[in-house]
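Descriptive analysis of the structure
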Amino acid sequence: MINYNPKDWFTFIFRIHKADTVKKLFPMFIAMAIYSAVIAWLELEVFRLSEKDHIRNITAMHGLLGFVISLLLVFRTNTAYDRWWEGRRQWGALVNTSRNLALKLQAMLPAGHPSRQFFRAMIPNFAFALKDHLRGEIHEHSFEGLSPEEKAAVRSGKHVPNQVAGIIMAKVNELYRQQVITGDQLITINAQLESLADVCGACERIKNTPIPFSYSVFLKKFIFFYVMTLPMGYVFGLGYLVIPMVVFIFYVLASLELIAEEIEDPFGKDANDLPTDVMSGNIRKHVQEIL
Amino acid sequence: MINYNPKDWFTFIFRIHKADTVKKLFPMFIAMAIYSAVIAWLELEVFRLSEKDHIRNITAMHGLLGFVISLLLVFRTNTAYDRWWEGRRQWGALVNTSRNLALKLQAMLPAGHPSRQFFRAMIPNFAFALKDHLRGEIHEHSFEGLSPEEKAAVRSGKHVPNQVAGIIMAKVNELYRQQVITGDQLITINAQLESLADVCGACERIKNTPIPFSYSVFLKKFIFFYVMTLPMGYVFGLGYLVIPMVVFIFYVLASLELIAEEIEDPFGKDANDLPTDVMSGNIRKHVQEIL
Amino acid sequence: MINYNPKDWFTFIFRIHKADTVKKLFPMFIAMAIYSAVIAWLELEVFRLSEKDHIRNITAMHGLLGFVISLLLVFRTNTAYDRWWEGRRQWGALVNTSRNLALKLQAMLPAGHPSRQFFRAMIPNFAFALKDHLRGEIHEHSFEGLSPEEKAAVRSGKHVPNQVAGIIMAKVNELYRQQVITGDQLITINAQLESLADVCGACERIKNTPIPFSYSVFLKKFIFFYVMTLPMGYVFGLGYLVIPMVVFIFYVLASLELIAEEIEDPFGKDANDLPTDVMSGNIRKHVQEIL
Amino acid sequence: MINYNPKDWFTFIFRIHKADTVKKLFPMFIAMAIYSAVIAWLELEVFRLSEKDHIRNITAMHGLLGFVISLLLVFRTNTAYDRWWEGRRQWGALVNTSRNLALKLQAMLPAGHPSRQFFRAMIPNFAFALKDHLRGEIHEHSFEGLSPEEKAAVRSGKHVPNQVAGIIMAKVNELYRQQVITGDQLITINAQLESLADVCGACERIKNTPIPFSYSVFLKKFIFFYVMTLPMGYVFGLGYLVIPMVVFIFYVLASLELIAEEIEDPFGKDANDLPTDVMSGNIRKHVQEIL
Amino acid sequence: MINYNPKDWFTFIFRIHKADTVKKLFPMFIAMAIYSAVIAWLELEVFRLSEKDHIRNITAMHGLLGFVISLLLVFRTNTAYDRWWEGRRQWGALVNTSRNLALKLQAMLPAGHPSRQFFRAMIPNFAFALKDHLRGEIHEHSFEGLSPEEKAAVRSGKHVPNQVAGIIMAKVNELYRQQVITGDQLITINAQLESLADVCGACERIKNTPIPFSYSVFLKKFIFFYVMTLPMGYVFGLGYLVIPMVVFIFYVLASLELIAEEIEDPFGKDANDLPTDVMSGNIRKHVQEIL
């Protein structure tokens, strides 16, 4: 994620940032400009279509459908943003869970009990495991304080966040059986323990479920034909000015689809993705402050 | 569900996928084209309506109602998508519940206790039972580790997911009575146990409740009359070009309704439906990794 | 509720179902047609208003306000649909609660304990009590297994669902005092017990709270004046064609308000209402399968 | 709140109810009519602006901004309605909590225990305390069964609903210490006890937080300038007909803002406010039926 | 936050408040006016473009994109408002948690127990710690009743709200170990204890996550180019009247973006921010009334 000052308009308007859609779409702008120029040249110079030609009124279709396309793009924007924001909320839930788990264990465990050291390492390990898991990666060096058997569990090719959650869950039940924590305390710590797998499942759901295939196909076909037919009608009123107009409209419509595609999977390393590296680090820092 | 790369525009625009609405609507495109051609031919050649004929201004109605029809289709899209997404969330909840149940039981049950084997088979059985139940099917071979009485319960024509949930619930209470798990542990495992029936009920609700009949009728009548009257007015400005325009507008409006119909029941085997087969398999795989 | 196949377009478009707004609004269509015809006749034949008369441009107002009226009707549609859907979700919650209560009691109660018979009858009784209560009716014959005192409680004119919930709650606490169920089991069954009154309260809320009076008045006045002024301006462009146009626009706007009115109270016996009879029956069937 | 039959169109359209925005805005209608007449008279008779004067085309601005103003008013309507509905849901939660508390206590407390009388009076007292508190009033006579010390607590100028909740909470813990209710029962009654303060806090939040100041200012300025500039351009097309048109558009835009203002604080005694008096009375009635 | 009477239209329309966007945008209004005047002067006087020049029809683009820009600004408004409102809800949750914690402890702790004094000071301390933390500040004097070690913990540069939550959590567990509160009571107080860190995490999430960078850039670029090209086409119809029109449209579009920027981080000291100072004070007042 890019940290930025949302009030700095000047830079936003005139600088082309690497995550800017202007940069990504630039080759397409050239293509659209050439296409529009060819259409304009054909209609104006080659076929010399008169003002009364029927093709002029194709603009009526663009007017009627302008509403639908706008609403669909806003629907697309909304659903993509909702995923991004839900991903953020899930990681926020992970932060809260990690802190509450640390706060409760710090209050429950006798001072100096060796399991403190265990949870101090293992709670943040879950966040690191999840972050890498969502990127399809495994980085053993990001874990702390694993015993040899635990390392083997992580390396075994099994689902890593599940393994880490299992290790934590087993440890808590062991402490309960050893009567280090009482049954009442086990009950109060239960919500945090199950939240680990819940956050993991929710993030996997966001990552693995793009909007339905049919919508994605339909929206792309719709944008394509809408923009490709634009110059045909507007050339009569605008002449060669149709070129910048088509490029600008294409910029607006395609940007919305492009940004939506980028943010609907928020766990990668794109410029707009959530800062899961930073957040995992913060979880480690705060848990170590507490425990 | 179709796995696809949402960033691959080229294929989306030019290939006609089998789940594409272009394919499904193709016969209707032909019909609409013929209908528009006939209207155009009648108005232009047979009746030779003059530019001043009142029917020309029927386009005013299409302009006024263009807002309403767009907003209604987006409302339709939103509600259908919400069901699809809620169905996905419910299955995500089932994944989380299955994992948490396995994680907790793995931590609670003594190593090598025979009930481990039981839950290892029975937790995933619930997912398979639900998947088939939502499709109105029963596949006995998809269950694992059923005792003869349990097989009879499944075969009895009763509600299968309820039977499986009942078997799990009874087993947990038996372990509690045998003091294999304590009362505190029973309380911590309760949320997962009741989540099984909750997910099942929510999926049945989504499956059995299409949007109210009146909206469905109204929307179809509205689209039909809107599109059928389109060529009457626009023929004056567009001549025979009214044919592709009507077909394209019909494509946009009907696609939205068609996709909404398809995704609002997301548990079948359509191209856009949720991959419940894969998800049930993953639940089995992960539960077996844990337990 | 009407069970229908949402993919059967043909029937939807050409058949007039009894719940169809076309049927309900038909007398109004006639009235609107006559009104428009009179306006057209007055402007065209009696006053012979010229093309330049100012009244022609009143259409500008319809254009400006077309957006507001569309958005308001969609707002209306959304809120009405949300109530209908929330009503459905509440009944879904009742289904889940009834099943979970049955599943848990089946696992907790000793085989053959007489209270099994009690819950087998009483859990479904709550659904029947609620269904009738939401319609302002009491049908004693729909209850099963009531003792004479319980019958008296139901007949006493008191709030029937509360009485049934009270009977269930008292029985569970009696079993707890008799140590048939333990304290831990009481805690795990608590959520289901309180859900009964919660579902009842939520359904009453939906039933007793239509959208604020001011919106309802405002929306009806707005639709009325909007439609009544429509023919005045459009008669110049459309001549007598203004009659079908006004009727069609009236059909669209009034249908939306009419459907919203019908579905915002979803517990009656209208064609679009929720099938609470069927759902109560299913609850009885499933509870009896389980317990 | 006004009870009304939403299907009675005739009365709605032709009667002017006291809560109707037509009544409240009537003086403004006169003012707008005079203002529009003066503008029309100046442009048409005094300055005799020609058809080609640039001011005629100011209507283009109204077209462009018509979208924005409509969408903003719908945003305003949505947020105001959401508060109103959330207020209703919170009072619904209070109804459910009161009922569940009564149902549980009826099942837990020994028959004839004196605390039954206490809760029978005190649970409804909370609803009355909250209702008056949200209106900034204190009506001692609406409480039942207060001991002298409790009366003093209510009279002390402290936060009354908190005091009542505190009295209930203290009583329950006293019963727990006296072992009239067990620890398991205390746990099952906990959710209802904390719901009291939660409902109170949520209602205070709705009451004390209007939409941000900047939006309120911006929206009023926007409506004002939009409507004031309306007659300038439209006078050319509409002549003196601009007067009713401006008044009607003003009616629509101002009504939406006015209704939003009224319903966003739903706890007062306005015609559209929630019937908290009736609801408090119902809570007392139902609690006394149960306990 | 500014307390205001939302029904006072007159002041809103004619007074320029310091938080008013009119004030903030005033320099930009001047710039836009000069820019529009130069464009108008160039087109009308220098190049003397004829009525038929193609640039006149660039207005078609503004019409088509008017939908998109309006919808996007409403999307922006919605997401910013949602954050502001969620921030308010989180602080409402903190109020409820603090009250419920005080109510429960008052009922649980023996009269005159020294820990009462502790919680009386420490519960409000959490609200003050959170308020300052969200502004990146630490004000030691706003805490009450800290022991020297607690003061050191706060001063240590660690996460202050976490430290305060940790102190409270440790105290409660100490009371539990001393059997001042029982296990059942510990369970009933658990939700409030974990809510402290949950509220803190949610507020940090809102504060640290502006809308994705790409949207922010795209929206600013879009508004800029949309407004800059506005005078080019409209100058033909409006002459020098294009100046106030462009300024007014700029006022509307930029105000929406500006207000959204201001309210999406609601924990600062801006005029529209939440009154966290007042709310912290109220929490202290109410907790001290109760405990």
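Small disclaimer: the values here were computed from a predicted structure and weren't measured.

Note on the identical chains: chain D maps onto chain E by a rotation of 72° and an axial translation of 0.0 Å, with an RMSD of 0.0 Å. Expressed as a symmetry operation, the mapping of one chain copy onto the other fits a five-fold axis. Considering only C-alpha atoms, the part of chain D nearest the rotation axis is Phe67(D), at 5.8 Å. Looking at the interface residues of chain D, only 6% of them are also at the interface in chain E, so each copy uses its own face.

Attention now moves to the environment of Asp132(A). Residue and element names in this part refer to chain A. Tracing the backbone shows Asp-132 in helix 4 (residues 114-134). Each C-alpha atom of the pair Asp-132 and Val-160 lies 9.2 Å from the other, and the pair is 28 residues apart in sequence. A polar side-chain atom of Asp-132 sits 3.0 Å from a polar atom in the side chain of Lys-131.

Moving on to the pattern of salt bridges. All names here are of chain A. One pass over the full model with this rule turns up 70 salt bridges over all chains. A salt bridge links Asp-277 to Arg-135; its shortest N-O distance comes to 3.2 Å. Placement of the pair is Asp-277 in helix 10 (residues 276-290) and Arg-135 in the loop between helix 4 and helix 5 (148-155), with a sequence separation of 142 residues.

One pass over the structure, following the stated rule, counts 86 aromatic pairs over all chains. Three or more aromatic residues joined by ring pairs form one cluster here, namely Phe26(A), Phe29(A), Phe248(A), Phe250(A), Tyr251(A), Phe218(E), Phe222(E), Phe224(E), Phe225(E) and Tyr226(E). When the ring centre of Phe118(D) is taken as reference, the NZ or CZ atom of Lys171(D) above it lies at 4.9 Å.

The topology assignment puts Thr276(C) in helix 10 (residues 276-290). In contact with Thr276(C), other than residues within four places in its own chain, are Trp91(C), Lys131(C), Arg135(C) and Phe267(C).

Take the UniProt feature "transmembrane region" (unreviewed entry) in chain A next. Residues and elements named next belong to chain A. As recorded in UniProt, the feature "transmembrane region" (unreviewed entry) lies at residues 25-42, 54-75 and 223-253. Taken as a whole, residues 54-75 contains 77% helix and 0% strand, while its terminal C-alpha atoms sit 33 Å from one another. For residues 223-253, the end-to-end C-alpha separation is 7 Å, with 90% helix and 0% strand making up the annotated structure.

In this section: unusual backbone geometry. The backbone of Arg48(C) shows a phi angle near 45°, a positive value even though the residue is not glycine. Here Arg48(C) shows up in the loop between helix 2 (21-46) and helix 3 (59-108).

This part takes up the interface of chain B and chain A. Tallying the contact residues gives 67 residues for chain B and 62 residues for chain A. Surface buried jointly by chain B and chain A totals about 6,000 Å² across both partners, of which 69% is contributed by carbon and sulfur atoms. Where chain B touches chain A, the interface holds two salt bridges. Ionic pairing is found between Glu204(A) and Arg99(B), a salt bridge with its closest N-O pair at 2.8 Å. Where chain B touches chain A, the interface holds 18 residue pairs in polar contact (both at pLDDT 80 or more). Of all the secondary-structure elements, those providing two or more residues to the side of chain B that touches chain A are helix 1 (9-14), helix 2 (21-46), helix 3 (59-108), helix 7 (183-208), helix 8 (213-238), helix 9 (242-263) and helix 10 (276-290) of chain B.

On to the arrangement of the chains. Taking C-alpha atoms as the reference, chain A and chain D come no closer than 11 Å and do not contact one another. Regarding chain C and chain E, which are not in contact, the minimum distance between any of their C-alpha atoms is 11 Å.

To continue, consider a nonpolar patch on the surface. A grouping of Phe26(A), Ile30(A), Ile34(A) and Val38(A) is seen on the molecular surface, where their side chains present a nonpolar patch of about 370 Å² in accessible area. You can see Val38(A) is positioned in helix 2 (residues 21-46).

Before going further, it helps to spend a moment on the relation of the copies chain B and chain A. Look at the two chain copies: a rotation about an axis and a shift along it is all it takes to match them. Rotating chain B by 72° about the axis while translating it 0.0 Å along that axis superimposes it on chain A, leaving an RMSD of 0.0 Å. Comparing contact sets, just 6% of the residues at the interface of chain B also lie at the interface in chain A, consistent with a heterologous contact between different surfaces.

Take helix 8 of chain B next. Residues and elements named next belong to chain B. Between its first and last C-alpha atoms helix 8 spans 37 Å; for 26 residues at 1.5 Å apiece the expected length is 38 Å, and the two agree. The largest bend along helix 8 reaches roughly 35° and is located at Met-232. For helix 8, the tally of buried residues reaches 23 of 26 residues, placing the bulk of the element in the interior. Within two residues after helix 8, Gly-239 carries a phi angle of roughly 60°, on the positive side.

The rules behind the values
Positions within a chain are numbered from 1, following the residues in the order the chain's sequence is written. Each chain takes a letter, starting from A, and each ligand takes a number, starting from 1, following the order in which they are written. Residues qualify for local features only when their pLDDT is at least 70, as the model is predicted, and side-chain atom pairs are given and counted only at 80 or more; totals for whole chains, interfaces and linings, by contrast, use all residues. Hydrogens are left out, water is left out, and the side-chain values use all remaining heavy atoms of the structure. A least-squares superposition brings the copies together, and it is based on the C-alpha atoms of residues with pLDDT no lower than 70 in both. Only heavy atoms matter for contacts: two residues are in contact if any of them lie within 4.5 Å across the pair. Only DSSP runs of H or I reaching four residues or more are called helices, and only runs of E reaching two or more are called strands; each is numbered from the N terminus. Polar contact is the term for a pair of N or O atoms within 3.5 Å; when the atoms are in protein, one must be able to donate a hydrogen and the other to accept it, and sequence-neighboring residues count only if both atoms are side-chain atoms. Any carboxyl oxygen of Asp or Glu within 4 Å of a side-chain nitrogen of Lys or Arg constitutes a salt bridge here. Note on ring pairs: Phe, Tyr and Trp rings are taken, using the six-membered ring of Trp, and paired if centres are within 6.5 Å. Classes follow the plane angle, with under 30 degrees stacked, over 60 edge-to-face and the rest tilted. Put simply, a charge is over a ring when the Lys NZ or the Arg CZ is close to the ring centre, within 6 Å, and near the line of the ring normal, within 35 degrees. UniProt positions are given in the numbering used here, feature names are shortened, and annotations may be inferred rather than shown by experiment. Buried area adds together the accessible area that both of two parts lose upon being put together, with accessible area traced by a 1.4 Å probe. A patch is a set of surface residues, each over 30% in relative accessible area and not in a salt bridge, joined within 9 Å for like charges and within 5 Å for the nonpolar side chains Val, Leu, Ile, Met, Phe, Trp and Tyr. Under the convention used here, a 1.4 Å probe and the Shrake-Rupley method define accessible areas, while residue burial counts only the protein chains that appear. Helix span is expected to be 1.5 Å times the residue number reduced by one. The bend reported for a residue corresponds to the angle between axes fitted to the seven residues ending at that residue and the seven starting there. A 1.4 Å probe rolled over the protein chains alone gives each residue an accessible area, and that area as a share of the maximum for its type sets the label: buried under 20%, exposed over 50%, partly exposed in between.

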